[in-house]
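# Survey of secondary and tertiary structure
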Amino acid sequence: MEAKRVILALFLLFLLSKSSAFPSRKSRVHKPCKRLVFYFHDIIYNGKNSKNATAAIVGAPAWGNKTILANQNHFGDLVVFDDPITLDNDLHSAPIGRAQGIYVYDKKEIFTAWLGFSFVFNSTEHKGSINFAGADPLMNKTRDVSVIGGTGDFFMARGIATLMTDAFEGEVYFRLRVDIQLYECW
Amino acid sequence: MEAKRVILALFLLFLLSKSSAFPSRKSRVHKPCKRLVFYFHDIIYNGKNSKNATAAIVGAPAWGNKTILANQNHFGDLVVFDDPITLDNDLHSAPIGRAQGIYVYDKKEIFTAWLGFSFVFNSTEHKGSINFAGADPLMNKTRDVSVIGGTGDFFMARGIATLMTDAFEGEVYFRLRVDIQLYECW
Amino acid sequence: MEAKRVILALFLLFLLSKSSAFPSRKSRVHKPCKRLVFYFHDIIYNGKNSKNATAAIVGAPAWGNKTILANQNHFGDLVVFDDPITLDNDLHSAPIGRAQGIYVYDKKEIFTAWLGFSFVFNSTEHKGSINFAGADPLMNKTRDVSVIGGTGDFFMARGIATLMTDAFEGEVYFRLRVDIQLYECW
């Protein structure tokens, strides 16, 4: 009798242990193992702002050039960037890292882009990088891209990053809010 | 006696449960947790087809230009695309999403490319995105790229996408069949 | 009594089994499930070396061109490459695969790049591909990028690749050592 009760307890423990070890694959609602919110600031070179610019058009379609974003919703413009990352929405706050990579406007009818980039940290708070890729339909209030890997403090990270346009000025400055939710933390 | 038999059963259950929870890491043959087949259609801008074009050359080598794919197997041509995705191989079928991103021809001796792109869905059937990256040796009948992440319905997806050139017309239109096999589904 | 001892043994086995199945998520020190070291060789087209060149500038900023790397630490130069991979550091060793993809110099103040590329193997030793993405702060002795996926022999691989500049000659040739550590092997 007692043995049976122990077996039952053990069995329940077993079930519990399994499900708690991998909750995210079982439950419908996933909780991030890490969450980080940052802002980054993109100033596109327009021929006049070489001192402040953090990004430049380096690819353009046949009908475009490299100092003015192309018409048809910038379709075909490929931009390289090295943008400061800040903890709040102030461009002049001390940067805690750099957002580096490319984006390309990829649709004629509306503004939408494809992104491949990294957050690079080398401060007391964070050392390492987070790598991202995904579609960015700019006109949506929020849009999700994938966290496809990480190094250093973010070793082997995977997750989702929710982008939000926090501000923009003409076609020169825009600021993105990034809400990073990691679901695989090592 | 009875206790022992229960223990044995429990032990077998335990083994079974473990192996069935993570079959793919144990067995040599992996079964996808989700499989999807689509077609997408790429019409490259050539200076005359701006109405129909879904893609444009935006980067080219020193010896190339942006309205004709470069010689030497298009080495160095970087193309941005926003291609309709369909369920069958008919360009005129109702698109159920868009394939958006870049490819670049990366070899002088034969046709081969490198791809970074996303499938973007916003229909009743699928909402969300699937992100891809990998080498595309075009001359092979099939070639595999990686599913590096997903969002929405494809939250945290990983897997393999097998590409197949289903048709092409000159150097303007080509149609790819994509067989997506996800091995990580959340 | 005996039953209890068996239960205890079973319980210990259970704990052991769980922890040994996923050591990397529990322990602080992670051991790769596979490790590979390669070299690859990049010869950038400079207008004179078209025979030997394995890479070409295909995107450049407004102030640059495609036969000379731009000033300001090449900021904005986007390079497409198809580089031989060798087992040792000799450019003339038999290549065992190709490194294919893009890199882009993304900072004005120092040399740093963003990489998206694949290793493509089709030999008796390795068949398949490994896909990479990440930031490459060139001036650091070593820098880590992410292994974001793989196909064939490297089916579903994830991990870290540590890059090291092994040699360079002017702004035409450079050789990278890549130490690939996979932490997810299927």
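Residues numbered from 1 in each chain as written. Chains lettered and ligands numbered in written order. Predicted model: local features only at pLDDT ≥ 70, side-chain atom pairs only at ≥ 80, totals over all residues. Heavy atoms only, no water.

- Looking up chain A in an unreviewed UniProt entry gives the name Dirigent protein, with the organism given as Populus tomentosa.
- Here chain A is described in UniProt, under the heading Subcellular location (unreviewed entry), as follows: "Secreted, Extracellular space, Apoplast".
- Recorded in UniProt for chain A, the comment headed Function (unreviewed entry) runs: "Dirigent proteins impart stereoselectivity on the phenoxy radical-coupling reaction, yielding optically active lignans from two molecules of coniferyl alcohol in the biosynthesis of lignans, flavonolignans, and alkaloids and thus plays a central role in plant secondary metabolism." (UniProt positions renumbered as here; feature names shortened; annotations may be inferred.)

### A closer look at the overall build of chain A
- Within chain A, the secondary structure is distributed over two helices and nine strands.
- The helix and strand sequence of chain A, counted from the amino end, reads α-α-β-β-β-β-β-β-β-β-β.
- Here chain A holds 186 residues, and the buried ones make up 57% of them.
- Taking all contacts inside chain A whose residues are at least 6 apart in sequence as the whole, residues at least 24 apart take part in 45%.
- Element-wise, carbon and sulfur atoms account for 57% of the exposed surface of chain A, whose accessible area totals about 8000 Å². (Helix = DSSP H or I, 4+ residues; strand = E, 2+ residues; numbered from the N terminus. Buried < 20%, exposed > 50% of the residue type's maximum accessible area, 1.4 Å probe, protein only. Contact = heavy atoms within 4.5 Å. Areas by Shrake-Rupley, 256 points an atom, 1.4 Å probe, with all protein chains shown as cover.)

### A closer look at the side chain of Ser93(A)
- Relative to the elements of secondary structure, Ser93(A) occurs in the loop between strand E3 (78-86) and strand E4 (97-105).
- Among the residues examined, Ser93(A) registers a relative accessible area of 18% and is labelled buried.

### Section: the pairing of strand E6 (residues 127-136) of chain B
All names here are of chain B.
- Burial of E6 is extensive: nine of the 10 residues sit out of reach of the surface.
- Counted along the chain from strand E5 (residues 113-122) to the antiparallel partner E6, the turn is four residues long.
- Bridge count for E6 against strand E7 (residues 142-152) is six bridges, and the pairing is antiparallel. Opposite phenylalanine 132, over in E7, you have valine 147 as the bridge partner. (Pairing = 2+ DSSP bridges.)

### Points about the pattern of salt bridges
- Tallying each qualifying case throughout the model produces 21 salt bridges over all chains.
- Of the charged contacts, one joins Lys107(B) and Asp82(C) as a salt bridge, the two residues approaching to 3.1 Å between their closest N and O atoms. Of the two residues, Lys107(B) is situated in the loop between strand E4 (97-105) and E5 and Asp82(C) in strand E3 (residues 78-86); the pairing between them involves two chains.
- Given the relative accessible area of 4%, Asp82(C) is considered buried.
- Taking the shortest distance from any N to any O, the salt bridge between Asp82(C) and Arg98(C) comes out at 3.1 Å. Note that Asp82(C) is positioned in strand E3 and Arg98(C) in strand E4 (residues 97-105), a separation of 16 residues in sequence.
- With a relative accessible area of 24%, Arg98(C) lands in the partly exposed category. (Salt bridge = Lys/Arg side-chain N within 4 Å of Asp/Glu carboxyl O.)

### What to know about the environment of Tyr45(B)
- Among the structural elements, Tyr45(B) can be located in the loop between strand E1 (34-43) and strand E2 (55-59).
- Exposure remark for Tyr45(B): the relative accessible area of 14% places this residue in the buried category.
- In this structure, the C-alpha to C-alpha distance between Tyr45(B) and Val79(B), residues 34 residues apart in sequence, is 9.7 Å.
- With residues near it in sequence (within four places) discarded, Tyr45(B) still touches Ala62(A), Trp63(A), Ser50(B), Ala53(B), Ala55(B), Ala56(B), Lys66(B) and Thr67(B).

### Remarks on the environment of Arg98(C)
- Through-space distance from the C-alpha of Arg98(C) to that of Asp82(C) is 6.2 Å; in sequence the pair is 16 residues apart.
- The contacts of Arg98(C), once residues within four sequence positions are left out, are Lys107(B), Asp82(C), Asp83(C), Pro84(C), Ile85(C), Ser118(C), Phe119(C) and Val120(C).
- Here Asp82(C) takes part through its backbone oxygen, which lies 3.0 Å from a polar atom of the side chain of Arg98(C). (Polar contact = N/O pair within 3.5 Å; in protein donor to acceptor, adjacent residues only side chain to side chain.)

### Considerations on the packing of aromatic side chains
- Within this structure, the stated rule accounts for 60 aromatic pairs over all chains.
- Between Phe40(C) and Phe117(C), the ring centres sit 5.9 Å apart and the planes meet at 40°, which makes this aromatic pair tilted. On the criterion of sequence distance, the pair formed by Phe40(C) in strand E1 (residues 34-43) and Phe117(C) in strand E5 (residues 113-122) is long-range, its members being 77 residues apart. Across the pair, exposure class does not vary: Phe40(C) and Phe117(C) are buried alike.
- Members of the aromatic cluster, joined through ring pairs, are Phe38(A), Phe40(A), Phe81(A), Tyr103(A), Tyr105(A), Phe111(A), Phe117(A), Phe119(A), Phe121(A), Phe132(A), Phe154(A) and Phe174(A). (Phe/Tyr/Trp six-rings, centres within 6.5 Å; stacked < 30°, edge-to-face > 60°.)

### Some words on the nonpolar core
- If you look at the biggest cluster of nonpolar residues, it comprises 36 residues, and the most contacted ones within it are Leu78(A), Leu78(B) and Leu78(C).
- In this structure Leu78(A) touches Ala56(A), Ile57(A), Val58(A), Gly59(A), Ile102(A), Tyr103(A), Val104(A), Val58(B), Leu78(B) and Leu78(C), once residues within four positions along its chain are discounted.
- If you look at the next biggest cluster of nonpolar residues, it comprises 32 residues, including Ile44(B), Phe119(B), Val145(B) and Leu163(B). (Core = buried A, V, L, I, M, F, W, Y, C linked by side-chain atoms within 4.5 Å.)

### Notes on the confidence of the model for chain A
Residues and elements named next belong to chain A.
- Per-residue confidence for chain A averages 88 on the pLDDT scale, and 85% of its residues sit at or above 70.
- Looking over chain A, one finds the lowest element-wise mean pLDDT in helix H2 (residues 23-26), namely 39, and the highest in strand E7 (residues 142-152), namely 98.
- In the predicted structure, residues 16-27 sits below a pLDDT of 50 and forms 16 contacts with residues beyond four places in sequence or in another chain.
- Interface predicted TM-score (ipTM) for the complex: 0.84; the corresponding pTM is 0.86. (pLDDT = per-residue confidence, 0-100.)

### Details of unusual backbone geometry
- Despite not being glycine, Met156(B) has its phi angle at roughly 65°, a positive value.
- Here Met156(B) is to be found in the loop between E7 and strand E8 (158-169).
- Given the relative accessible area of 1%, Met156(B) is considered buried.
- Of note in the backbone geometry, Gln72(C) takes a positive phi value of approximately 55° without being a glycine.
- Relative to the helices and strands, Gln72(C) resides in the loop between strand E2 (55-59) and E3.

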